[in-house]
Amino acid sequence: MQAYIFTVMLSFIEALINLPFSIYSTFVLEEKYGFNKTTPGTFICDEIKKFIVAMVLFAVIIPLLLWIIHVSGGPTVVITLAAASTGLVIILSILIPTVIVPLFYTYTDLEDGELKTAILKEAEKTDVQVAEIKVIDGSKRSSHSNAFVSGFGSWRKVVLFDTLIAQHPVPEVCAVVNHELGHVVHKHIFQQILMSSLSLILMFSCFAFTLGNKAVIESFGFSNESNFLYLFLFTKLYMPVSTIVNFVSMFFIRRAEYQADAFAVTHGHAQPLKDGLINLFKRNKGPLVADPMYSALNHSHPTLVERLQAIDQATKTQQ
């Protein structure tokens, strides 16, 4: 309980520190460039919901990890912690689109018409089973647009932001959807889960060297030992390693984006995809170019120029 209370208090303090920056980002920067659609009331409700969701997750994760550390011993603690954490990652990947996102946005069914018919044809053409096509009311908070595919098998659904539908013609929306279906065909979600599992094994392997090493807690001025204290201090010590792991992870995520673009090209969407990306970057005021090292570490998607060049190359290869 003390560990949970400490985490709640620390999270609350961090939330208060970050709040002015969030307000400035939303109501100054986003407003300046015409993106913000969030009202003060919606902003406050969202911040409260995010904090409550985080506290609920902490109430499950922290006791689970501490219990595993307590009952496990030797090398088994690494595998047990990694397995439990991987299970949590999988559960969260299911809960986020089905439970957490609806706390902030409203899903509605895409109306029958040209767009719905075209998207179902894309699913049939790519041999990806799609149970539902949903529209999310992103325009209540921002004019940014996006699309994603969530769920597995008979529970899989395509989700479109209403801003994407409003800002793009049907061929461009279909090209974006085909790109997202490409992630499914290439099993990128499972690859990301595998990457997460490997990174968790690495992290908890490093944690095993920290656990029980009293010199670690004494170097921070503590004298009393506890599993939570070891875990908390380790998360701070692991940050440099985490940066390197993130660099590797970003490489594979960006590689997946190139593969999904190439997938759309093979299904005849080269030009609509290029037009859609240019439209997206114009409306979202995304960077045309970026420092290669900074982009490799911080951008989950390649820059516009990189993606357009890759699409042209994929088109030539196909020909």
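All values reported here derive from a predicted model rather than from experimental measurement. (Residues numbered from 1 in each chain as written. Predicted model: local features only at pLDDT ≥ 70, side-chain atom pairs only at ≥ 80, totals over all residues. Heavy atoms only, no water.)

A.B. asks: What's the story with the overall build of the chain in this structure? I'm lost.
C.D. replies: Helices and strands together make up the secondary structure of the chain, namely 13 helices and four strands. C-alpha extents for the chain along the principal axes are approximately 65 × 45 × 40 Å. Per-residue burial over the chain gives 37% buried out of 319 residues. Of the contacts formed within the chain by residues at least 6 apart in sequence, a portion of 70% connects residues at least 24 apart. In the structure as shown, the chain presents an accessible area of about 17,800 Å², 66% of it carried by carbon and sulfur atoms. In the chain, 23 side chains carry a positive charge and 25 a negative one; their mean positions are 1 Å apart. (Helix = DSSP H or I, 4+ residues; strand = E, 2+ residues; numbered from the N terminus. Buried < 20%, exposed > 50% of the residue type's maximum accessible area, 1.4 Å probe, protein only. Contact = heavy atoms within 4.5 Å. Areas by Shrake-Rupley, 256 points an atom, 1.4 Å probe, with all protein chains shown as cover. Lys, Arg positive; Asp, Glu negative; His and termini not counted. Charge placed at Lys NZ, Arg CZ, Asp CG, Glu CD.)

A.B. asks: Even after reading the chapter, I still don't get the environment of Phe 35, so can you show me in this structure?
C.D. replies: With respect to the helices and strands, Phe 35 occurs in the loop between helix H1 (2–32) and helix H2 (40–71). Here Phe 35 is in contact with Glu 30, Arg 141, Ser 142, Ser 143, His 144, Arg 283, Asn 284 and Lys 285, once residues within four sequence places are set aside.

A.B. asks: Quick question: what am I supposed to make of helix H3 (residues 76–100) here?
C.D. replies: Of all the bends in H3, the greatest reaches close to 30° and is centred on Ile 94; the proline Pro 97 follows between one and four positions later. Along H3, the residues that are buried comprise Val 77, Val 78, Leu 81, Ala 82, Ala 84, Ser 85, Thr 86, Leu 88, Pro 97 and Ile 100. For H3, the secondary structure elements touched by its buried residues are H2, strand E1 (107–109), strand E3 (147–150), strand E4 (157–161) and helix H7 (188–210). (Bend = angle between axes of the 7 residues up to and from the residue.)

A.B. asks: It is not clear to me how the packing of aromatic side chains should be interpreted in this structure. Could you clarify?
C.D. replies: Aromatic ring pairs are defined here through the distance separating the ring centres and the angle between the ring planes. The final tally for this structure, using the stated rule, is 10 aromatic pairs. On the basis of an interplanar angle of 90° and a centroid distance of 5.2 Å, the ring pair of Phe 6 and Phe 232 is categorised as edge-to-face. In this pair, Phe 6 sits in helix H1 while Phe 232 sits in helix H9 (residues 227–237), placing the two residues 226 residues apart along the sequence. Owing to a relative accessible area of 36%, Phe 6 belongs among the partly exposed residues under this scheme. (Phe/Tyr/Trp six-rings, centres within 6.5 Å; stacked < 30°, edge-to-face > 60°.)

A.B. asks: For this particular structure, what's the right way to read the sheet that holds strand E2 (residues 132–136)?
C.D. replies: Strand pairs in the sheet, formed through backbone hydrogen bonds, run parallel or antiparallel to each other. Pairing within the open sheet is mixed, and its four strands lie in the order E1-E2-E4-E3. Strand pairing shows two members of the sheet lacking a second neighbour, E1 and E3, which therefore form its edges. Put simply, the sheet's adjacent strands are angled 30° from each other on average, direction ignored. Here helix H6 (residues 170–185) sits on the sheet in contact with E3 and E4, set at roughly 35° to E3. (Pairing = 2+ DSSP bridges. Axes fitted to C-alpha atoms, helices over the stretch in contact; angles between N-to-C directions.)

A.B. asks: Just to check I follow, could you spell out the packing of H1 against H2 for this structure?
C.D. replies: Axis angle and axis distance: for two packed helices, these are the angle between their axes and the distance between the axes, and together they describe the pair. Contact pair H1 / H2: the axes reach a minimum separation of 10 Å and the direction vectors enclose 150°. Our classification of the angle between H1 and H2 gives roughly antiparallel. The interaxial crossing formed by H1 with H2 has right-handed handedness. Facing Ala 3, Tyr 4, Thr 7, Val 8, Ser 11, Phe 12, Leu 19, Ser 22, Ile 23, Thr 26 and Phe 27 of H1, the residues of H2 in contact are Pro 40, Phe 43, Glu 47, Phe 51, Met 55, Phe 58, Ala 59, Ile 62 and Leu 66. Of the residues contributing to the contact of H1 with H2, the split by class is 15 nonpolar, four polar and one charged. (Parallel < 35°, antiparallel > 145°, perpendicular 65-115°, else oblique. Left-handed = near helix turned anticlockwise from the far one by under 90°. Nonpolar A, V, L, I, M, F, W, Y, C, P; charged D, E, K, R; others polar.)

A.B. asks: Explain unusual backbone geometry to me, please; I cannot follow it from the model alone.
C.D. replies: Leaving glycine out, the prevailing phi sign among residues is negative, and the prevailing peptide bond configuration is trans. Residues other than glycine seldom take positive phi values, yet Asp 127 does so here, at roughly 60°. Following the sequence through the fold, Asp 127 ends up in the loop between helix H4 (114–126) and E2. In the Ramachandran plot, Lys 187 falls in the positive-phi region, its phi being about 60° despite a non-glycine side chain. Among the structural elements, Lys 187 can be located in the loop between H6 and H7.

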